[in-house]
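Overview (structure and organization)
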Amino acid sequence: MENIRNPKRHMGVLMVMLAFVLLVVACQPAPAQPTEAPPPPATTEAPMEAAPTEMTTTEGCTPTGEVKRGGELTLARLEEPLSLDPILITDNGSIYLQEQIFETLVVPDETGAGLAPGLAESWDVSGDGLTYTFHMRDSNFSNGDPVTADDVVFSLQRAADPDVSQYAFAYQAFDTITALDDKTVEVKLSQPYAPLLSAVSLFTGLTVPKDIYQADPEGFGNKPVGSGPFMVEEYTRGDRVVLAPNPYYWKLGADCQPLPYLDKITVLYIPEANSRVLGLRNGDFDVIDNVPFSEASSLESENNLLLEVAPIYKLDYLYINHSKAPFDDKNFDLALNYATDREAILNTVFFGYGDLPNDYMPKMNFWDPDVPLIPYDQAKAEELLAQTNYDGRTIEILVGAGDAPRKQIATILQQNWAAVGINSEIVELDVGTAWDRTVAGDYDVNVSYITSDINDDDELATFQGDYWAAGDTQAFFSRYQNQDASDLLKKARESLDPNERAKYYSEIQNTVYWDGYSVPFNFTPAVTSSWNYVKDFHTLTTGWWWLESVWLDK
Amino acid sequence: MRLLGYIIRRLIQMIPVLIGITLMAFLFVKLLPGDPILILTGGKASPETVAALRAKFGLDQPLYIQYLLFLRNAAQGDLGTSILQRDPVVDIVIERIAPSAFLIAYGSLIAILLTIPFSIISAMRADQPVDHSIRIGGMVTFAMPSFWLGLLLMLLFGLKLKLFPISGWGEGFLGHLKYLFMPSLVIGVYLAPMLIQSLRSSLLEIMQAEYIEAARAKGLSPLRVMLKHVLRNALIPTVTILAVNIGWLIGGSVVIETVFSIPGLGLLLVRSVNYRDYPTIQGLTLVFGVLVMLVNLIADLSYAIIDPRVVYE
């Protein structure tokens, strides 16, 4: 006992710590899936009963509905914001909040599927579709400074710069972005690009004040200044963001007064699903997102609680590696589809919330409901299988470790496929490793998902369906090759006629889906729940919500 | 001054150990598949963007250069920039230390408050029904998964009794005390059985000692003998166990932090690993190493308080 310098024991403790770190490394629980980053842009339109767009000019505003102003809202979310600087991030935790703080020239409308004027009151398109001129309204940042064309140009230029922007691909068709005067922005394209307005509304290009940003680029993400309906009062990492109304915000509510209605919004980071649900029931939270499908019906049945199941641009599907045998044979890929009881997956894993997909990408604007669904048909699967040279080898079904629902899907796949003579095993890997192998093409199939960043079909249709597209993602790591699809995608992207585009996309959907591109499981909806006094909280197809139009009836 | 010399020597000894820890953590994490930039960009960014980001975070350098740069910067108090959050790792970690430290200290305190009376009762009534029930009860709470116990407490204290808030860590000292009570209780009832077991057996051992016989013979009451003579002598092994477990908890409280949404180091570590945020993982490993060694140093120093015969050389 006299001399207690005992290095052995300390080493022991340290080894234990190290072992822990490694253990965490080796078997992580499900994190926010990096498979995909989310959707697009900024501020929008008034709530259901609020002013339609033409009323946003100040004169002649007619009240369109009764709302109550004031009050505080607490929103509990699965994901935390990593930074509030739009150029740095790709995670929903950050994007959904940035949409409340910043604006773009054009913004997704109140459903998310359409577009509405944002910082731009109006815009002109030249006859050849190559020049867009945006006329900006008078609006201010939350510090009182006017929003100028310079700020917009600066923000769009950095979003289009592949050296700093992870979403530069969306702006590839942009040739020049210039400020013609204080309130006019001109975008010139190098080729016709139908999704241009959607690209302009993408979150990466959210307008930041150039001077403030350049004075302290590093610190901007912690103390952002924007022109959106809210400004950041407090930002505590890993815990909360407190939003207060931007006193200079231009848009008017249903009562012809400036939005937003609420006095304060506290957005909490509550990663545990059970904790969110308990907190909602307890009255600690007014709204929660990412309600687990297993809890949805019990919340729905409560008198004081509302459940919203909203369609969003998300598809849960089985990635298939077409560069590997036997998946290079279309018959085998179709056999996988015929052999999979997708109805059972929808009912057991998603508790019936969602829709069976007849598409290889999420359900978006040009989705064609008439493309026939591949039915669940074991006999057909066996017949197709007989035409392949599948030798009975064991297929690896990749699943992110700790992701219980996707593991369930994998288990159903394994059983379904065994019934027609396809052997498989489930391989659980941490999400980082699983993703790495998917990118490298070192996988058979992977139970995962995709979401869209932009409310135009082109992004995902091309990413997933065009092997030769710029960006080198090889048909989103599926290595699926179809020259016809690639040609059609180019036409669809360059056509400015919506009817023509619809025709192209329908053909693409039919071709790629029926080529057995993937085994799609669900057009997965977003499920949120709130107390019934929370009015006009709606999830957009892009995944977020316009908090400016939320009000409290209590 | 002997004590001060001892502390300084111990602190200096930490340096090579820390270098060893960071080297191993560095190599193991890099050996794992999973590229932070690919995970971050979700596969959609162009090759140029990915290359630019790699270069920005020095990931295009050879491994040994990356490590040496890390060491050089760490020596200057700079742990690099988080790939995920784009903030200095030092700032991120400092933000997160307080909730974790408060939680662990609070949990340990609850554990100690449970341990001392229960182990004394157990030892004084050894092998009687009270002793058995304490030990079985301990086994039950020790074996309960902490996330489950956490949820049960939330249901009971939060939803039914509405006594405690069920998530977050509150504001101000009193707020922390209130918000962190349930999570700390979970830690407490997990730690206490181990401590009770250890303290009970050393109490029983010391109770056999001759000087205890002497104390009894002096006519001291059993409780007084226990508190004044037995307990003090029996504490040292228990303090060691507590220190080892605090070491575990510093990085291992992640489950509790998740269930109760406490913005601590455990949550940060898991997220950083999932995204392969190398600088943050490195920084956290270093901080964990320092904290564990500090806890052990404090434990060693506390021996002298418990037992004045302990001399530091």
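A few points on the structure. (Residues numbered from 1 in each chain as written. Chains lettered and ligands numbered in written order. Predicted model: local features only at pLDDT ≥ 70, side-chain atom pairs only at ≥ 80, totals over all residues. Heavy atoms only, no water.)

**Examining the pairing of strand β9 (residues 240–245) of chain A**
All names here are of chain A. With 6 bridges joining them, strand β8 (residues 230–236) and β9 adopt antiparallel strand pairing. The residue bridging Phe230 from the neighbouring strand is Pro245, located in β9. Taking the residues that link successive antiparallel strands as the turn, the β8-β9 hairpin has 3 residues, and the phi of Gly238 there is positive, at about 70 degrees. Relative to strand β10 (residues 264–269), β9 is paired through 4 bridges, and the arrangement is antiparallel. Bridging across to β10, Val242 finds its partner in Thr266. (Pairing = 2+ DSSP bridges. Helix = DSSP H or I, 4+ residues; strand = E, 2+ residues; numbered from the N terminus.)

**A few points about a nonpolar patch on the surface**
All names here are of chain B. Taken together, Phe147, Trp148, Leu152, Leu155 and Val255 make up a surface patch of nonpolar side chains, about 430 Å² in accessible area. Mapped onto the elements of the fold, Val255 is located in helix α12 (residues 254–259). Taking the relative accessible area as the measure of exposure, Val255 reaches 37% and is therefore partly exposed. (Patch = residues over 30% accessible without salt bridge, like charges linked within 9 Å, V, L, I, M, F, W, Y side chains within 5 Å. Areas by Shrake-Rupley, 256 points an atom, 1.4 Å probe, with all protein chains shown as cover. Salt bridge = Lys/Arg side-chain N within 4 Å of Asp/Glu carboxyl O. Buried < 20%, exposed > 50% of the residue type's maximum accessible area, 1.4 Å probe, protein only.)

**A look at the interface of chain A and chain B**
Each side of the interface is counted separately: chain A has 69 residues, and chain B has 73 residues. Across the chain A to chain B interface the summed buried area is about 6,200 Å²; carbon plus sulfur atoms make up 64%. Summed over the shared surface of chain A and chain B, the number is 4 salt bridges. One salt bridge connects Glu80(A) with Arg96(B), and the closest N-O pair in it is separated by 3.7 Å. Viewed at the interface, chain B and chain A are joined by 10 residue pairs in polar contact (both at pLDDT 80 or more). Every element with two or more residues in the side of chain A that touches chain B is listed here: α1 (7–26), α6 (273–282), α12 (431–440), α13 (458–465) and α14 (474–477) of chain A. With 12 residues, the top contributor of residues to the side of chain A that touches chain B is α1(A). (Contact = heavy atoms within 4.5 Å. Buried area = accessible area lost by both parts, 1.4 Å probe. Polar contact = N/O pair within 3.5 Å; in protein donor to acceptor, adjacent residues only side chain to side chain.)

**Concerning helix α14 (residues 278–306) of chain B**
Spanning 29 residues, α14(B) covers 42 Å between terminal C-alpha atoms, matching the ideal 42 Å at 1.5 Å per step. In terms of burial, α14(B) is a largely internal element, 22 of the 29 residues being buried. (Expected span 1.5 Å × (residues − 1).)

**Regarding the sheet that holds strand β14 (residues 395–400) of chain A**
Residue and element names in this part refer to chain A. With mixed pairing, the 5 strands of this open sheet are ordered in space as β15-β14-β16-β13-β17. Each edge of the sheet is formed by a strand with only one pairing partner; in this case those strands are β15 (424–429) and β17 (518–522). Looking at each pair of strands side by side, their axes are set apart by 30 degrees on average, direction ignored. By the bridge criterion, 2 bridges tie β14 to strand β16 (residues 445–451) in an arrangement that is parallel. Of the residues in β16, the one forming a bridge with Ile397 is Val445. Contacts from α12 reach β13 (314–320), β14, β15 and β16 within the one sheet, and its direction differs from that of β14 by about 135 degrees. (Axes fitted to C-alpha atoms, helices over the stretch in contact; angles between N-to-C directions.)

**Description of the environment of Tyr269(A)**
Following the sequence through the fold, Tyr269(A) ends up in strand β10. If near-sequence neighbours (up to four positions away) are discounted, Tyr269(A) is found in contact with Arg77(A), Leu78(A), Glu79(A), Glu80(A), Gly238(A), Asp239(A), Ser261(B) and Leu267(B).

None of this, on its own, says anything about what the molecule does.
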